[in-house]
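# Descriptive structure summary
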Amino acid sequence: MTEAELEYRRRSPRSRELAERARELMPGGTTRTTTYVDPYPIYIERGHGARVWDVDGVERLDLICNYSSMILGHAHPAIVAAIREQAARGTGFAATNPLEVELAGMLCDRVPSVERIRFCSSGTEATMFALRLARAFTGRPKTARCEGGYHGTHDFAEVSTHPDPELAGPASEPRPVADSSGTPAAAVAATVVLPFNDPAAAAAIVMRHAAELAAVIVEPIIGAGGVIPPEPGFLERLREVTSQHGILLIFDEIISLRVAYGGAQARYGVTPELTTMGKIIGGGLPVAAFGGRADVMELLLPGRQDSLPQGGTYNGNPLGMAAGLAGMRELTEPVYAELEGKGERLRSGLQQAFDSHDLAAQVNCAGSLLNIHFSSRPVRDYRSLAAADKELSREFFLAMMNEGVMFAPRLMAALPTCLTDADIDQVVESADQVAARLAQTA
Ligand SMILES: Cc1ncc(COP(=O)(O)O)c(C=O)c1O
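The model shown is predicted, which means the values in this text are computed figures rather than measured ones.

## A look at the overall build of the protein chain
- If you tally the helices and strands in the protein chain, you get 15 helices and 14 strands.
- Scaling as 2.2 N^0.38, a compact globule of 442 residues should have a C-alpha radius of gyration of about 22 Å, and the protein chain matches this with 22 Å.
- Its C-alpha atoms put the protein chain at 65 × 55 × 45 Å along the principal axes.
- Counting across all 442 residues of the protein chain, residues that qualify as buried make up 56%.
- Put simply, 70% of the contacts in the protein chain that link residues at least 6 apart link residues at least 24 apart.

## Brief notes about the domain arrangement of the protein chain
- Domain boundaries assigned for the protein chain yield domain 1 (3-71 + 332-441) and domain 2 (77-330).
- Of note, the centres of domain 1 and domain 2, computed from C-alpha atoms alone, are 26 Å apart.
- With 31 residues of domain 1 in contact, the opposing surface of domain 2 contributes 36 residues.
- Both sides together, the interface formed by domain 1 and domain 2 hides about 2700 Å², and carbon and sulfur atoms give 56% of it.
- The interface formed by domain 1 and domain 2 includes 3 salt bridges.
- With its nearest N and O atoms 2.9 Å apart, the salt bridge here joins Glu 147 to Arg 383.
- Along the contact surface separating domain 1 from domain 2 lie 14 residue pairs in polar contact (both at pLDDT 80 or more).
- Contributing elements (two or more residues each) for the side of domain 1 that touches domain 2: α12 (333-356), β11 (362-366), β12 (369-373), α13 (382-386) and β14 (412-414).
- With 5 residues, the single largest contributor to the side of domain 1 that touches domain 2 is α12.
- Per-class residue counts for the side of domain 1 that touches domain 2 are 17 nonpolar, 8 polar and 6 charged.

## Focus on the packing of helix α3 (residues 77-89) against helix α11 (residues 318-330)
- For the pair α3 and α11, the least separation of the axes is 8 Å and the interaxial angle reads 155°. With respect to α11, the axis of α3 lies roughly antiparallel. In the crossing of α3 with α11, the sense of the turn from one axis to the other is right-handed. Within the contact between the two elements, α3 uses Ala 78, Ile 79, Ala 82, Ile 83, Gln 86 and Ala 87 and α11 uses Pro 318, Leu 319, Ala 322, Ala 323, Ala 326, Gly 327 and Glu 330.
- Counted by class, the contact of α3 with α11 contains 10 nonpolar, 2 polar and 1 charged residues.

## Topic: the packing of helix α14 (residues 390-402) against helix α15 (residues 421-441)
- Two elements in contact, α14 and α15, have axes separated by 10 Å at closest approach and are oriented at 130°. Judged by the angle between their axes, α14 and α15 are oblique. As for the relative orientation of α14 and α15, their crossing is right-handed in sense. Where α14 abuts α15, its residues Leu 392, Glu 395, Phe 396, Ala 399 and Met 400 lie against Val 427, Ser 430, Ala 431, Val 434, Arg 437 and Leu 438.
- Among the residues making up the contact of α14 with α15, the classes are represented as 8 nonpolar, 1 polar and 2 charged.

## Quick notes on the side chain of Ser 15
- When you line up the elements, Ser 15 lands in helix α2 (residues 13-23).
- Contacts of Ser 15, omitting those with residues within four sequence positions, involve Tyr 40, Pro 41, Ile 42, Tyr 43, Val 55 and Asp 56.

## Describing the site of the ligand
- Taken together, the neighbourhood of the ligand is formed by Ser 122, Gly 123, Thr 124, Tyr 150, His 151, Gly 152, Glu 219, Asp 252, Ile 254, Ile 255 and Lys 279.
- In the environment of the ligand, an oxygen atom lies 2.8 Å from a nitrogen or oxygen atom belonging to the backbone of Gly 123.
- Thr 124 has a polar side-chain atom sitting 2.8 Å from an oxygen atom of the ligand.
- The fraction of the free accessible surface of the ligand (380 Å²) that becomes covered by protein chains is 82%.

## Comments concerning the sheet that holds β11
- Taken together, the 3 strands give an open sheet; going across it, the order is β11-β12-β14, and neighbouring strands pair in antiparallel fashion. Of all strands in the sheet, those bounded by a partner on one side alone are β11 and β14. Recorded for the sheet is a direction-independent mean angle of 15° between the axes of neighbouring strands.
- Pairing analysis gives 3 bridges linking β12 to β14, with the strands arranged antiparallel. When the sheet's bridge partners are listed, Asn 371 is paired in β14 with Met 412.
- Across the sheet, α12 touches β11 and β12, and the angle it forms with β11 is around 175°.

## Notes on the side chain of Gln 310
- As for its placement among the helices and strands, Gln 310 is situated in the loop between α10 (294-297) and α11.
- Note on Gln 310: relative accessible area 14%, which makes it buried.
- A distance of 2.9 Å separates polar atoms of two side chains, one belonging to Gln 310 and the other to Arg 118.
- Ignoring sequence-local partners within four residues, the contact set of Gln 310 consists of Arg 118, Phe 119, Cys 120, Phe 129, Phe 290, Leu 300 and Asn 315.

The rules behind these values
Residues numbered from 1 in each chain as written. Predicted model: local features only at pLDDT ≥ 70, side-chain atom pairs only at ≥ 80, totals over all residues. Heavy atoms only, no water. Helix = DSSP H or I, 4+ residues; strand = E, 2+ residues; numbered from the N terminus. Rg over C-alpha atoms; globule rule 2.2 N^0.38 Å. Buried < 20%, exposed > 50% of the residue type's maximum accessible area, 1.4 Å probe, protein only. Contact = heavy atoms within 4.5 Å. Domains from an automatic or database assignment. Buried area = accessible area lost by both parts, 1.4 Å probe. Salt bridge = Lys/Arg side-chain N within 4 Å of Asp/Glu carboxyl O. Polar contact = N/O pair within 3.5 Å; in protein donor to acceptor, adjacent residues only side chain to side chain. Nonpolar A, V, L, I, M, F, W, Y, C, P; charged D, E, K, R; others polar. Axes fitted to C-alpha atoms, helices over the stretch in contact; angles between N-to-C directions. Parallel < 35°, antiparallel > 145°, perpendicular 65-115°, else oblique. Left-handed = near helix turned anticlockwise from the far one by under 90°. Near = heavy atom within 4 Å. Areas by Shrake-Rupley, 256 points an atom, 1.4 Å probe, with all protein chains shown as cover. Pairing = 2+ DSSP bridges.

Okay, here's the thing in structure tokens:
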């Protein structure tokens, strides 16, 4: 057992006890694979601003903020007030509500591609509906996605998210690989896989399958799969080739919406037909949405003979709409600019810390999203991500937890607006100390 793991265990006796109990109830003691930590996860009791406190009373800076959804940090007063007020007025009706119309209007105004929108409760549902809509609109059976991208947990999303490179074919010609033995073979057969950041190879594959492709779905910035920004020309080439062949382009902006007022599509100036959204649009509550070109979204019109139904007991629920509106109102253009500055301050500080100790590391960054990769070469697609050092990554994660800083276990960060420059400097200082220790043992 490493020193970092010993220290992690020393600081978390109550979490360990809870984990032992929880393991008897939930596999791994958690209900989310992404919150599982080896040897066991810590259990968090409360959060305020950029900080969280675990059941052992340990305070940490929270750099992942529920995988990017808590963009204003924890318990933001405007969101708390909105939730309180709405809770007292009712939390769910078998009817639409005025807040839903207001949030719909705000998102249609902000996101260039979104002329019409529908809400749902998770990003998984949003991508599932967007892909289904594309199949219904085009009458074509297959969809394409990028290797290493993440689009949630429905069957059609669970292909080539993190394939074993040995099974996934050549980098420029990736083969679809089921994420688990539970993925239906039909979903694998209906998926075409593209290499991210390789415009020529991706376009060639799209052209080859064009007649049967309903959509290309892509995260304009790969998020959970390592924060990989698009290189100039990649999104543009996807836009071009999909337009030429009547294929719908879907931007999965469930994470990337946070990089600009109008999302990554506004930042990079590429407009898809459909966009999926989640995380920040719900003020931290389970709210997601899909939207896009009016003529495509019109297929959801109830009463049409070929109408595509969209159920969902909690779709547009008033509590989520109230929290979402309160949160999105805070996110003005200057707030995004400030967040961008925080991302760059942390990126450059971390990179300097690693470089000064000759530790081979890449700090990928896009706006307020960051991911540390222990690798000597740039991480620009799934194959370069897969080659990074996972052991060092685990050590760094545990050591930073001991220093009072919480990244995602795979070292992703999604910075909240309330993170101060002093907080960032504290993270960099801790990273510098950890890097010095790791450099001695690496
Ligand atoms: C880009 C992207 N798409 C889809 C999803 C799935 O969203 P959810 O976890 O709300 O189902 C996520 C979640 O992290 C995501 O990052």
